[in-house]
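One letter stands for each residue in the lines below.
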Amino acid sequence: MDHHSGPSGDPSGPSTSPTSPTSPTSPSTSSTSATSSTRHGPPVPAFHGVAADGHEPAPGGEFGAYGVPVASDPVTRLSLDALVEAAADAPGGALSRLMTAARSARRPAATTGVAAPYAARVAAMDALLASATPADWSARIVEGWTLQQLIAHLAATDSLVADAIGAPVAGPAVASPEVLARTADMIAFAAGQDPERTRADWRLQAEAICAHAASMDPATVIAPGGIGFPVSDHLLARMLETWIHTDDTAAVLGRPLPLPLDGHIHPTADFCARLVPWTMLLSGMQGGDRAIRLTLTGPGGGAWHVPLDVARPAVPDDGSPVQAAITCEAMAFCFLLGGRGAPAEFPAQVEGDAGLVRDVLHAAPALSGP
């Protein structure tokens with residue numbers, strides 16, 4: 001899945017999940033009615049390793065010294081991390097045990113600041129790769145790519161951002177800023193490599209991007225692909241594509257993964273709301289002085305007033321007049337812009353100008369590529 005340039009320079013592109021997905025719950029729509037084909041993965045599994053008596057085994061592992069759960073499976077460790085970050089009213093002593101376990105289960109990653117959503121999805125994909133078998137690495141995941149070729153593609157798209165911010169670039173030097181050309185170069189570079197080398201190159205480059213971005217002003221404009229937008233938006237674009245391809249991989253391999261944290265979904269949803277006028281423009285549709293109200297429900301959701309003119313930014317909904325309103329599930333909307341799901345069948349509740357809503361939804365994947 002590749003990308004054309006946009007406000008982030010790099011939203012994710014289209015394809016259909018090769019397995020039968022689990023569709024999110026969304027309101028019915030007055031203009032569309034079919035169920036979305038987007039798969040978003042299961043909720044975070046219940047973690048049983050924090051019982052007060054310290055004897056119940058954790059999924060995929062056992063208890064070590066001092067009642068700290070030991071998880072041998074990388075996906076279980078990722079779930080543990082998610083629980084630590086999302087924990088609110090944990091029983092006494094449970095949170096500290098969870099944090100100790102999470103810190104000991106895998107090496108630290110950049111998880112704060114503007115890079116946090118991207119870093120977390122990199123960790124999710126890496127957890128899948130850690131348990132991949134030789135057959136998994138050869139499996140066709142999406143766009144005809146094997147898992148190894150998909151990771152080379154992610155490394156290729158990431159490398160355009162790395163090159164733009166001065167981080168070390170995986171593979172050969174960037175010869176072209178065009179995603180498909182760079183992907184071809186990276187797939188050729190990975191051919192014949194041990195898949196673990198491809199994985200390591202991708203992961204190390206992602207960590208370098210996070211480390212470099214942490215020292216930058218989030219508003220710094222960079223122009224991978226030739227169009228300049230803030231580095232913060234490029235990192236959200238990288239989060240979205242990595243999220244979608246992690247979901248693709250989990251579907252093919254039949255592995256459950258925890259969803260992103262609400263605090264990571266929300267900025268990604270905000271980014272997608274701000275992309276709407278750009279997708280309209282790229283689709284040749286004139287937004288003019290019209291605007292929509294976009295209400296995204298579920299984890300990480302919110303409401304936005306979205307002018308359909310790229311010169312007027314989307315903002316949190318302030319009650320300003322609009323010509324139409326769309327209410328749908330936040331993760332489904334993010335995936336629609338990333339090329340997952342059919343616009344004509346996208347489940348949404350619609351008010352106002354149904355024709356305008358149809359245009360908005362059909363234009364949504366315009367920044368995604370093959």
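Numbering of residues starts from 1 in every chain and runs along the sequence as written. Given that the model is predicted, a residue must reach a pLDDT of at least 70 before its local features are reported, and side-chain atom pairs must reach 80 or more before they are shown or counted; all residues, however, enter totals for whole chains, interfaces and linings. The side-chain figures draw on all heavy atoms in the structure; neither hydrogens nor water molecules are used.

Time to look at the nonpolar core. Residues grouped as a nonpolar core are buried Ala, Val, Leu, Ile, Met, Phe, Trp, Tyr and Cys residues, joined through side-chain atoms within 4.5 Å. Exposure classes here rest on a 1.4 Å probe applied to the protein chains alone. A residue is buried below 20% of its type maximum, exposed above 50%, and partly exposed in between. Residues Leu 147, Ile 292, Ile 326 and Phe 333 are the most contacted members of the largest nonpolar core, which totals 80 residues. To qualify as a helix, a DSSP run of H or I must reach at least 4 residues; to qualify as a strand, a run of E must reach at least 2; elements of each kind are numbered from the N terminus. Residue contributions to this core peak at 10 residues, all from helix H5 (residues 147-165). Here a residue-residue contact requires only that any non-hydrogen atoms of the pair lie within 4.5 Å. In contact with Phe 333, not counting residues within four places along its chain, are Cys 272, Ala 273, Val 276, Leu 294, Leu 296, Cys 328 and Phe 346.

The next thing to look at is the pairing of strand S10 (residues 324-329). Within S10, 6 of the 6 residues are buried, which leaves it mostly tucked inside the rest of the structure. Only strands that DSSP links by at least two bridges are regarded as paired with each other. Relative to strand S11 (residues 349-352), S10 is paired through 4 bridges, and the arrangement is antiparallel. Bridge pairing in S11 places Ala 325 opposite Glu 351.

Moving on to the side chain of Thr 279. With respect to the secondary-structure elements, Thr 279 resides in helix H9 (residues 262-282). Contacts of Thr 279, omitting those with residues within four sequence positions, involve Ala 363, Ala 364, Ala 366 and Leu 367.

With that out of the way, let us pick up the sheet that holds S10. Judged by pairing direction, the sheet is mixed, and its 5 strands sit side by side in the order S9-S8-S7-S10-S11 without closing on themselves. Two strands in the sheet have a free side with no partner beyond their single neighbour: strand S9 (315-316) and S11. Most of the contacts of helix H10 (residues 330-337) go to S10, to which it runs at about 105°, and overall it touches strand S7 (291-297) and S10. Angles shown run from 0 to 180 degrees and are taken between the N-to-C directions of axes, each axis being a line fitted to C-alpha atoms and, for helices, limited to the stretch in contact. Packed onto the sheet, helix H11 (residues 354-363) meets S7, S10 and S11 and runs at close to 45° relative to S10.

Counting all residues, the mean pLDDT for the protein is 78, and 69% of those residues have values of 70 or more. Note that residues 1-72 has pLDDT below 50 and, in this model, 221 contacts with residues that lie over four places away or in other chains. In this model residues 82-91 is a low-confidence stretch, pLDDT under 50, and it forms 15 contacts with partners more than four residues away in sequence or in other chains. Per-residue confidence from the prediction method is given by pLDDT, with values spanning 0 to 100.

Close contact between helix H3 (residues 116-130) and helix H7 (residues 195-214) brings their axes to 11 Å; oriented N to C, the two are set at 165°. In terms of orientation, H3 and H7 fall into the roughly antiparallel class. The interaxial crossing formed by H3 with H7 has left-handed handedness. Contacts from Tyr 118, Ala 119, Val 122, Ala 123, Met 125, Asp 126, Leu 129 and Ala 130 of H3 reach H7 at Glu 196, Arg 199, Trp 202, Arg 203, Ala 206, Ile 209 and Cys 210. For the contact of H3 with H7, the residue count by class is 11 nonpolar, no polar and 4 charged. Any angle from 65 to 115 degrees is called roughly perpendicular, while one under 35 is roughly parallel, one over 145 is roughly antiparallel, and all others are oblique. We call a crossing left-handed when the near helix sits turned anticlockwise from the far one by less than a right angle, and right-handed when that turn is clockwise. Each residue is assigned to one of three groups, with Ala, Val, Leu, Ile, Met, Phe, Trp, Tyr, Cys and Pro labelled nonpolar, Asp, Glu, Lys and Arg labelled charged, and all others, Gly among them, labelled polar.

We now examine the packing of aromatic side chains. Two rings belonging to Phe, Tyr or Trp (six-membered ring only in the last case) form a pair when the distance between their centres is within 6.5 Å. Interplanar angles under 30 degrees mark stacking, angles over 60 mark edge-to-face geometry, and anything in between is tilted. Scanning all chains against the criterion turns up 2 aromatic pairs. Taking 5.4 Å as the distance between ring centres and 90° as the angle between the ring planes, the aromatic pair formed by Phe 229 and Trp 278 counts as edge-to-face. Within this pair, whereas Phe 229 is found in strand S6 (residues 229-230), its partner Trp 278 is found in helix H9, the two being separated by 49 residues in sequence. Here Trp 243 and Phe 335 contribute two aromatic rings whose centre-to-centre distance is 5.0 Å and whose plane-to-plane angle is 80°, an arrangement assigned as edge-to-face. Residue Trp 243 is located in helix H8 (residues 231-253), and its partner Phe 335 is located in helix H10; the two are separated by 92 residues in the primary sequence. Phe 335 shares its class with Trp 243; the two are buried.

The topology assignment puts Thr 146 in strand S4 (residues 145-146). The class for Thr 146 is buried, based on a relative accessible area of 12%. In this structure Thr 146 touches Trp 137, Ser 138, Ala 139, Arg 140 and Ile 141, once residues within four positions along its chain are discounted.

This part takes up the pattern of salt bridges. A pairing counts as a salt bridge when a side-chain nitrogen of Lys or Arg comes within 4 Å of a carboxyl oxygen of Asp or Glu. Applying the stated criterion across every chain yields a total of 11 salt bridges. Asp 126 is the partner of Arg 203 in a salt bridge, and the nearest nitrogen-oxygen pair spans 2.9 Å. Placement of Arg 203 in helix H7 and of Asp 126 in helix H3 is noted, with a sequence separation of 77 residues between them. The buried category is assigned to Arg 203, whose relative accessible area is 6%. If you follow the salt bridges from partner to partner, you end up with Asp 126, Glu 196, Arg 199, Arg 203 and Glu 207 in one network.

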